[in-house]
Amino acid sequence: MTGLALFNLFILVFMVVAAVISLRVKDLLTASVVFGIYSFLMCLLWAEMGAVDVAFTEAAVGAGVSAVFLVATVFNVKRMSSD
Amino acid sequence: MKKIALAVTVLTGILLLYAAQDFPAWGDLQSPASASPVSKHFIADTGVDTEVPNMVTAVLADYRGFDTMFETVVIFIAGIAIIGILRRTGADADAPALKRENEIAAEPDLIVTNTVRLLVPVIQLFAFYVLAHGHVSPGGGFQGGVIMGASFILVALAWDLPKAMDRLSVDRAVMLAGVGILIYAGIGLFSMLLGGEFLDYAELSHVLPVSREMARYHAMLGVEIGVAFTVTAVMFAIYANLSTRGRLEGGL
């Protein structure tokens, strides 16, 4: 296995882990932050595939601003998920 | 119910994984997207037609300018919708503030505020760079606008919302969002008045002292500036309304 394939595998595995955590965790603040991590891993994947413009947008919008929006919303609702 | 939901999710996942086998391999020259004559045209002629080195920007702002214009309108409408749902005025605003479950310290933190003080100029300068350099390197109006909006959000996070609203009030942000779309549509309309079609930037060479190719180059910067106006304003307006339940007062 080449280095690039290992890198891809590493990111994809962590993305699945981040996705499962952000769905399963009770604390919504944790879920928002882990969702930001998911977006950042996605951004790394775009950059690695050569789609730098998309990676840039993902980093600014996905990992940056939308994570802030989610955290701002969590502060205004009940912090613990009920299910 | 949860078991049924799990079964449906797993089944859909298996179906998607099965369908993913039919996708062309990454970088496949025979895939429909690569084999299409349109792709060949963009790759071969973008530099000749528009003098823009970054093909992605040229496709987004010029060849598919109509698409990008209405994408900007979508962002504008999303911002208006969020403000319309959350904003409290009149009798609603007089209601006592709802107690938050996890209230944080009211006093702004010294370390945080001073770090933000140092960071914000750098962030805003970088936003201008991303916007102005979008033709040559990755970037453009959307990314530059989001980074610019994030700098105002950072001020609101470190101090409180009124401090950020001194610099950009939400009312003015809504106005700026409209101005951004007007800039974009105005450039399109102007090229129409000069004898071309809507968003046919090459016609701007009649009024600019440049060639038809360079007119497209410069008009792309113009429409990107319009996009950046809208995105900056909408990002800040969304944050302001989300973080304070539409009351526009106090911190997060």
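Only a predicted model underlies this, so the values are computations on that prediction, with no experimental measurement involved.

Undergrad: Account for the overall build of chain A, with residues named and values stated.
TA: When helices and strands are counted, chain A shows three helices and zero strands. When the elements of chain A are put in sequence order from the N terminus, they spell out α-α-α. Its C-alpha atoms give chain A principal-axis dimensions of roughly 45 × 25 × 10 Å. Excluding contacts between residues fewer than 6 apart, the proportion of contacts in chain A whose partners are at least 24 apart in sequence is 50%.

Undergrad: Tell me about the overall build of chain B, and name the residues and values.
TA: Across its full length, chain B carries eleven helices and zero strands. Start at the N end of chain B and walk to the C end: the helices and strands fall as α-α-α-α-α-α-α-α-α-α-α. Relative to a compact globule of 252 residues, whose C-alpha radius of gyration would be 18 Å, chain B shows 23 Å and is clearly more extended. C-alpha extents for chain B along the principal axes are approximately 60 × 60 × 40 Å. Expressed as a percentage of its 252 residues, the buried residues of chain B come to 35%. Looking at chain B alone, contacts between residues at least 24 apart form 70% of all its contacts between residues at least 6 apart.

Undergrad: Quick rundown of the packing of helix α5 (residues 65–86) of chain B against helix α10 (residues 170–193) of chain B? Include the residues and the values.
TA: Residues and elements named next belong to chain B. Put simply, α5 and α10 touch, their axes get as near as 10 Å, and they point 160° apart. If you check the angle between α5 and α10, you find them roughly antiparallel. As α5 runs across α10, the sense of the crossing is left-handed. Of the residues in α10, those touching α5 at Met-69, Thr-72, Val-73, Phe-76, Gly-79 and Ile-83 are Val-174, Ala-177, Gly-180, Ile-181, Tyr-184, Ala-185 and Gly-188.

Undergrad: For unusual backbone geometry, give the residues involved together with the corresponding values.
TA: All names here are of chain B. Backbone geometry at Glu-51 places phi at a positive 65°, although glycine is not the residue there. Inspection of the secondary structure puts Glu-51 in the loop between α3 (37–50) and α4 (55–63). Phi angles above zero are rare outside glycine, and Leu-199 is one such case at about 65°. Turning to its location among the elements, Leu-199 is positioned in the loop between α10 and α11 (212–243).

Undergrad: Account for the environment of Ala-31 of chain A, with residues named and values stated.
TA: Residues and elements named next belong to chain A. Relative to the helices and strands, Ala-31 is located in helix α2 (residues 28–48). Residue Ala-31 is classed as partly exposed on the basis of its C-beta count, with 18 C-beta atoms lying within 10 Å. With 49 residues separating them along the chain, Ala-31 and Met-80 place their C-alpha atoms 10 Å apart. If sequence neighbours within four positions are ignored, Ala-31 has contacts with Ser-22 and Val-25.

Undergrad: Give me the lowdown on α11 of chain B, citing residues and values where you can.
TA: Residue and element names in this part refer to chain B. If you check α11, its first and last C-alpha atoms are 47 Å apart, about what 32 residues at 1.5 Å a residue would give, namely 46 Å. Of all 32 residues in α11, 25 are buried, a share of seventy percent or more. One or two residues past the end of α11 sits Arg-245, with phi positive at roughly 55°.

Undergrad: Residues and numbers for the environment of Asp-49 of chain B, please.
TA: Residues and elements named next belong to chain B. Summarising the element assignment, Asp-49 is placed in helix α3. What makes Asp-49 partly exposed here is the crowd of 18 C-beta atoms within 10 Å. As a C-alpha pair, Asp-49 and Arg-212 span 163 residues in sequence and 8.5 Å in three-dimensional space. If we skip the residues at most four places from it in the chain, Asp-49 touches Glu-213 and Arg-216.

Undergrad: Describe in detail the nonpolar core, supporting the description with residues and values.
TA: Residues and elements named next belong to chain B. Ranked by internal contacts, the top residues of the largest apolar core, which has 72 residues, are Val-146, Ile-153, Ala-156, Val-234, Met-235, Phe-236 and Tyr-239. If you tally residues by element for this core, the top one is α11, at 18 residues. For Val-234, the residues in contact, after removing those within four places along its chain, are Ile-75, Phe-76, Ala-78, Gly-79 and Ala-177.

Undergrad: I'd like to hear about the confidence of the model for chain B, residue by residue, with values.
TA: All names here are of chain B. Averaged over every residue, the pLDDT of chain B is 87; residues scoring 70 or more account for 93%. Ranking the elements of chain B by mean pLDDT puts helix α6 (residues 91–94) last with 60 and helix α7 (residues 110–132) first with 93. Across the predicted assembly, pTM comes out at 0.87 and ipTM at 0.87.

Undergrad: Give me the interface of chain B and chain A: which residues, what numbers.
TA: Contacts between chain B and chain A engage 21 residues on the former and 17 residues on the latter. Breaking the side of chain B that touches chain A down by element, the ones donating at least two residues are α8 (141–158) and α11 of chain B. For the side of chain B that touches chain A, the leading source of residues is α8 of chain B, giving seven residues. Considering only residue class, the side of chain B that touches chain A consists of 13 nonpolar, five polar and three charged.

Quick notes on the rules
Residues numbered from 1 in each chain as written. Chains lettered and ligands numbered in written order. Predicted model: local features only at pLDDT ≥ 70, side-chain atom pairs only at ≥ 80, totals over all residues. Helix = DSSP H or I, 4+ residues; strand = E, 2+ residues; numbered from the N terminus. Contact = placed C-beta atoms within 7 Å. Rg over C-alpha atoms; globule rule 2.2 N^0.38 Å. Buried ≥ 20, exposed ≤ 12 C-beta atoms within 10 Å, placed from the backbone. Axes fitted to C-alpha atoms, helices over the stretch in contact; angles between N-to-C directions. Parallel < 35°, antiparallel > 145°, perpendicular 65-115°, else oblique. Left-handed = near helix turned anticlockwise from the far one by under 90°. Expected span 1.5 Å × (residues − 1). Core = buried A, V, L, I, M, F, W, Y, C linked by C-beta atoms within 7 Å. pLDDT = per-residue confidence, 0-100. Nonpolar A, V, L, I, M, F, W, Y, C, P; charged D, E, K, R; others polar.

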